[in-house]
There are 2 protein chains.
Amino acid sequence: MAKSVGRLFKVFQRLRSLTLIKTLLSHPSTSSPVGTFVRTIAELPSPFMLKPRDFSLPNSSWGPEMMRLYEHYNSQCEVETEDGEKREGPWRRLPSYNRLLKYATGGLYLSKMIQSKARLFTRNIREPGAAFEYVLFANSEQKRCVAIFQVGHLLEGPPGHVHGGAIATMIDTVTGTQAALLCGPVVTANLNINYRSPIPLGSTVLVESSLDKTEGRKIFMSCKVTSTDGSKVHTETSVLFLSISISHLLF
Amino acid sequence: MAKSVGRLFKVFQRLRSLTLIKTLLSHPSTSSPVGTFVRTIAELPSPFMLKPRDFSLPNSSWGPEMMRLYEHYNSQCEVETEDGEKREGPWRRLPSYNRLLKYATGGLYLSKMIQSKARLFTRNIREPGAAFEYVLFANSEQKRCVAIFQVGHLLEGPPGHVHGGAIATMIDTVTGTQAALLCGPVVTANLNINYRSPIPLGSTVLVESSLDKTEGRKIFMSCKVTSTDGSKVHTETSVLFLSISISHLLF
């Protein structure tokens, strides 16, 4: 067990992008050695099977615009057929934890063992509404992701406005998640952001990412941050990811 | 007074980049209307003249590498001439507050009046060592800025490593500060980051920015994030800023 944890830790030490681990942990049934280890954790007694808190569910800090958009997309995650049956809709809400480790089965347990104080940059503040409030929805048919992002007062750059780095952080998060969903393990290679107009603190904005093309290991994505009605463009971004194999990490 | 504050607030609402306000507030003697207002604040009684806490001074969380580099640059901020006199050295340590508003004379007072809960994204966590620990030094002759950056456990992306957005945030901060020092008020127009190798949590790294060229209103900067001995390159970035006039903000 200790050896397995040590090995997993070494793998993490070699991870090269935010997005890689997301995929790694969202595919616990992979036949790789990491997958085997994750299955071992899954066989542990029930206290280790607890689900971590999902930060992408509504809380009391969400304003009317955030709630309206959440309900708009969430209502399309399950649709009713003509004969009254419920089935999956075009959109899927993605959960969000305060460590990427927690995407693994048994992740809460892992999180207590490995650098237990560490927290995901976008989920490192407990006070609801103070920093990043966001929820991601994925549309696999359209190869699109949409994040609804409500900007808290702790993300300030120029007085009353969002820091450019906080916007870059959301862009990295949303495109990275989509690249990993589409192509498996990836690393971020390039982030090229054009800033068009500032975002006032307290705003709710949309962060939309889409796949442009793939060329061998290269995955080209685009991302726009806009006002919720789409009329104002805040940033336009192209991102390049590189697809990698899990085995590449182990040797 | 209330009218002046209202006007200043409107100015802030129109600011387009992190770096703009830094310059605005670091030039309180400018002859613009904002400068006039800042001078008015400077004439208020002493409670309004209190200096805010400078976050770029050493604290108990700074490790040996952070301290060694801090002392290396800090010792070059003041040099002794041959006849024993002390004078300014080639480097200058730049102060850092938890709101850009606080760069203004009377900034503590302003900060209590305008969106008082807001905090600068890189200084929004009170616990020393938990997030961004950094100090900037500027070398005006070489047109270079160096930040020593110690990465806290709340900046996690992949387990045990720094989030790409946290790196982008530091790059925006360092290049933006230098652009504003060199050219006055600027807005960030483009941030183009190549990620080369991941940064483990707890590391101390160097963030070095330099001016490439200016073309009219355009300011082209470069930024490298490396290990402290320079042997490992973590990111390479080009950034474009646009110079703007303060009067542009007022109408």
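Residues numbered from 1 in each chain as written. Chains lettered and ligands numbered in written order. Predicted model: local features only at pLDDT ≥ 70, side-chain atom pairs only at ≥ 80, totals over all residues. Heavy atoms only, no water.

1. Some words on the relation of the copies chain B and chain A
Line of reasoning, step 1. The transform that puts chain B on chain A rotates by 180 degrees and translates by 0.0 Å along the axis, for an RMSD of 0.0 Å. On the angle and the small slide along the axis, the relation comes out as a two-fold axis. Measuring from the rotation axis to each C-alpha of chain B, the shortest distance belongs to B:Asn192, at 2.1 Å.
Line of reasoning, step 2. A share of 100% of the interface residues of chain B reappears at the interface of chain A, consistent with the copies meeting face to face through the same patch. (Least-squares fit on C-alpha atoms with pLDDT ≥ 70 in both. Contact = heavy atoms within 4.5 Å.)

2. What to know about the pattern of salt bridges
Two side chains bearing opposite charge may form a pair once their charged atoms approach each other closely.
Line of reasoning, step 1. By the definition in use, this model includes 13 salt bridges over all chains.
Line of reasoning, step 2. One network of salt bridges, in which partners are shared, links A:Arg196, A:Lys224 and A:Glu236. (Salt bridge = Lys/Arg side-chain N within 4 Å of Asp/Glu carboxyl O.)

3. Notes on the interface of chain B and chain A
Line of reasoning, step 1. With 48 residues of chain B in contact, the opposing surface of chain A contributes 48 residues.
Line of reasoning, step 2. In total, chain B and chain A occlude about 3,900 Å² of area from one another, counting both sides; carbon and sulfur atoms represent 58% of this.
Line of reasoning, step 3. Considering only the side of chain B, the residues that lose the most area to chain A are B:Phe121, B:Pro159 and B:His163, jointly responsible for 17% of the buried surface there.
Line of reasoning, step 4. Taken together, the links from chain B to chain A amount to two salt bridges.
Line of reasoning, step 5. Between A:Arg99 and B:Glu156 there is a salt bridge whose closest N-O contact spans 2.8 Å.
Line of reasoning, step 6. Run the count over chain B and chain A and you get 24 residue pairs in polar contact (both at pLDDT 80 or more).
Line of reasoning, step 7. Contributions of two or more residues to the side of chain B that touches chain A are made by α1 (2-13), α2 (18-26), α6 (164-183) and β6 (186-195) of chain B.
Line of reasoning, step 8. For the side of chain B that touches chain A, the leading source of residues is β6(B), giving eight residues.
Line of reasoning, step 9. Of the residues assigned to the side of chain B that touches chain A, the class counts are 23 nonpolar, 18 polar and seven charged.
Line of reasoning, step 10. One ladder, built from five bridges, connects strand β6 (residues 186-195) of chain A with β6(B); its direction is antiparallel. Its bridge partner being in β6(B), A:Asn192 is matched across the sheet by B:Asn192. (Buried area = accessible area lost by both parts, 1.4 Å probe. Polar contact = N/O pair within 3.5 Å; in protein donor to acceptor, adjacent residues only side chain to side chain. Helix = DSSP H or I, 4+ residues; strand = E, 2+ residues; numbered from the N terminus. Nonpolar A, V, L, I, M, F, W, Y, C, P; charged D, E, K, R; others polar. Pairing = 2+ DSSP bridges.)

4. A look at the pairing of strand β8 (residues 218-227) of chain B
Residue and element names in this part refer to chain B.
Line of reasoning, step 1. Judged from the ten bridges that link them, strand β7 (residues 204-215) and β8 form a sheet pairing that is antiparallel. Residue lysine 213 lies in a different strand from β8, and its bridge partner there is phenylalanine 220.
Line of reasoning, step 2. Connecting β7 to the next strand, β8, in antiparallel fashion are two residues, including glycine 216 with a positive phi near 60 degrees.
Line of reasoning, step 3. Bridge count for β8 against strand β9 (residues 233-243) is nine bridges, and the pairing is antiparallel. By the bridge assignment, methionine 221 is partnered in β9 with valine 239.
Line of reasoning, step 4. Hairpin connection of β8 to β9: five residues between the antiparallel strands, including glycine 230 at a positive phi of 80 degrees.

5. Concerning helix α4 (residues 64-74) of chain B
Residues and elements named next belong to chain B.
Line of reasoning, step 1. Among all positions of α4, only Met66, Leu69, Tyr70 and Tyr73 are buried. For α4, the arc enclosing every buried residue in end-on projection is 105 degrees, short of the 170-degree limit, so these residues lie on one face.
Line of reasoning, step 2. Close packing links the buried residues of α4 with β3 (92-94), β4 (132-139), β5 (144-151) and β7. (Buried < 20%, exposed > 50% of the residue type's maximum accessible area, 1.4 Å probe, protein only. Arc of directions from axis to C-beta.)

6. Quick notes on unusual backbone geometry
Line of reasoning, step 1. Unusually for a residue other than glycine, A:Gln115 sits at a positive phi of about 40 degrees.
Line of reasoning, step 2. Relative to the helices and strands, A:Gln115 is located in the loop between α5 (107-113) and β4 (132-139).

7. A look at the pairing of β4(A)
All names here are of chain A.
Line of reasoning, step 1. Counting buried positions along β4 yields eight of eight residues, so the element is predominantly enclosed.
Line of reasoning, step 2. The side-chain alternation of β4 yields two buried faces, one formed by Phe132, Tyr134, Leu136 and Ala138 and the other by Glu133, Val135, Phe137 and Asn139.
Line of reasoning, step 3. Where strand β3 (residues 92-94) lies against β4, three bridges are found, and the strand directions are antiparallel. Following the sheet pairing, leucine 94 is matched in β4 by leucine 136.
Line of reasoning, step 4. Here β4 pairs with strand β5 (residues 144-151) via eight bridges, running antiparallel.

8. Here's the deal with the packing of aromatic side chains
Line of reasoning, step 1. If you walk through the whole model with that rule in mind, you get 17 aromatic pairs over all chains.
Line of reasoning, step 2. Considering the side-chain rings of B:Tyr73 and B:Trp91, the 4.9 Å spacing of their centres and the 75 degrees angle between planes classify their relative orientation as edge-to-face. One end of the pair, B:Tyr73, is in helix α4; the other, B:Trp91, is in the loop between β2 (86-88) and β3, and 18 residues separate them in sequence.
Line of reasoning, step 3. For B:Trp91, a relative accessible area of 6% corresponds to the buried category.
Line of reasoning, step 4. These aromatic residues form a ring-pair network of at least three members: A:Phe121, A:Phe132, A:Phe149, B:Phe121, B:Phe132 and B:Phe149.
Line of reasoning, step 5. Above the ring of B:Tyr134, the side-chain terminus of B:Arg123 is found at 3.6 Å from the ring centroid. (Phe/Tyr/Trp six-rings, centres within 6.5 Å; stacked < 30°, edge-to-face > 60°. Lys NZ or Arg CZ within 6 Å of the ring centre and 35° of its normal.)

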